[in-house]
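Given next are the chains, with one letter for each unit.
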Amino acid sequence: MIPSVSRQIAFVQYDDQSSSMTVQYHTGFKASYTNINQDDYLLILSSVNRYDSLMRLTETRYMEGQPPIK
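Keep in mind that this is a model prediction, so the values were computed, not measured.

Cut-offs applied
Residues numbered from 1 in each chain as written. Predicted model: local features only at pLDDT ≥ 70, side-chain atom pairs only at ≥ 80, totals over all residues. Heavy atoms only, no water. Pairing = 2+ DSSP bridges. Helix = DSSP H or I, 4+ residues; strand = E, 2+ residues; numbered from the N terminus. Phe/Tyr/Trp six-rings, centres within 6.5 Å; stacked < 30°, edge-to-face > 60°. Buried < 20%, exposed > 50% of the residue type's maximum accessible area, 1.4 Å probe, protein only. Contact = heavy atoms within 4.5 Å. Axes fitted to C-alpha atoms, helices over the stretch in contact; angles between N-to-C directions. Core = buried A, V, L, I, M, F, W, Y, C linked by side-chain atoms within 4.5 Å.

A.B. asks: Describe the pairing of strand S2 (residues 9-15), listing the residues and the values that go with them.
C.D. replies: Sheet topology places strand S1 (residues 2-3) next to S2; 2 bridges connect them, and they run antiparallel. Within S2, the residue paired with Pro 3 across the bridge is Phe 11. As consecutive antiparallel partners, S1 and S2 are separated by 5 residues, and within that stretch Ser 4 has a phi angle of approximately 45°, a positive value. Strand direction decides the pairing type here: S2 and strand S3 (residues 20-25), joined by 6 bridges, are antiparallel. Along S3, the bridge assignment pairs Ile 9 with Tyr 25. Hairpin connection from S2 to S3: 4 residues lie between these consecutive antiparallel strands, with Ser 19 at a positive phi of about 55°.

A.B. asks: Tell me about the packing of aromatic side chains, and please be specific about residues and values.
C.D. replies: The relative placement of two aromatic rings is captured by the distance of their centres and the angle of their planes. Tallying each qualifying case throughout the model produces 2 aromatic pairs. With 5.0 Å between their ring centres and 20° between their planes, Tyr 14 and Tyr 41 make a pair best called stacked. Highlighted residues: Tyr 14 in strand S2 and Tyr 41 in helix H1 (residues 38-46), separated in sequence by 27 residues. Assigned by exposure class, Tyr 14 and Tyr 41 land together as buried.

A.B. asks: Mind laying out unusual backbone geometry, listing which residues take part and the relevant values?
C.D. replies: Phi at Ser 19 takes a positive value of approximately 55°, unusual for a residue other than glycine. By relative accessible area, which is 27% here, Ser 19 ends up partly exposed. The backbone of Asn 35 sits at a positive phi, close to 55°, despite the residue not being glycine. In this fold, Asn 35 is placed in the loop between strand S4 (30-33) and H1.

A.B. asks: With reference to specific residues and values, describe the sheet that holds S2.
C.D. replies: Ordered in space as S1-S2-S3-S4, the 4 strands form an open sheet in which the pairing is antiparallel. A single partner strand is all that each edge strand has here, and the edge strands are S1 and S4. Running over the sheet, H1 touches S1, S2 and S3 and is turned about 150° from S2.

A.B. asks: Summarise the nonpolar core; cite the residues concerned and give the values.
C.D. replies: Within the largest apolar cluster, 14 residues are counted, with the highest numbers of intra-cluster contacts made by Val 12, Met 21, Val 23 and Leu 54. Secondary-structure elements contributing two or more residues to this core are S2, S3, S4, H1 and helix H2 (50-63). At 3 residues, the largest contribution of residues to this core is made by S2. With residues near it in sequence (within four places) discarded, Val 12 still touches Met 1, Ile 2, Val 5, Met 21, Thr 22, Val 23, Tyr 41 and Leu 54.

And the structure:
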């Protein structure tokens, strides 16, 4: 789990069993993404700017026709 990614995002959690990632916003909204490679999650974890790395990954997933599961 990556805590406090930004002012908008409370945490990001990765489940390696299902290759899914959940983004929890401070508003209470949750977005789930499937088929996320663990390496992509680890890239966010090690990034200097986690928010930008997360946005690049989720934007790519959304643009590929895989909107978040709400």
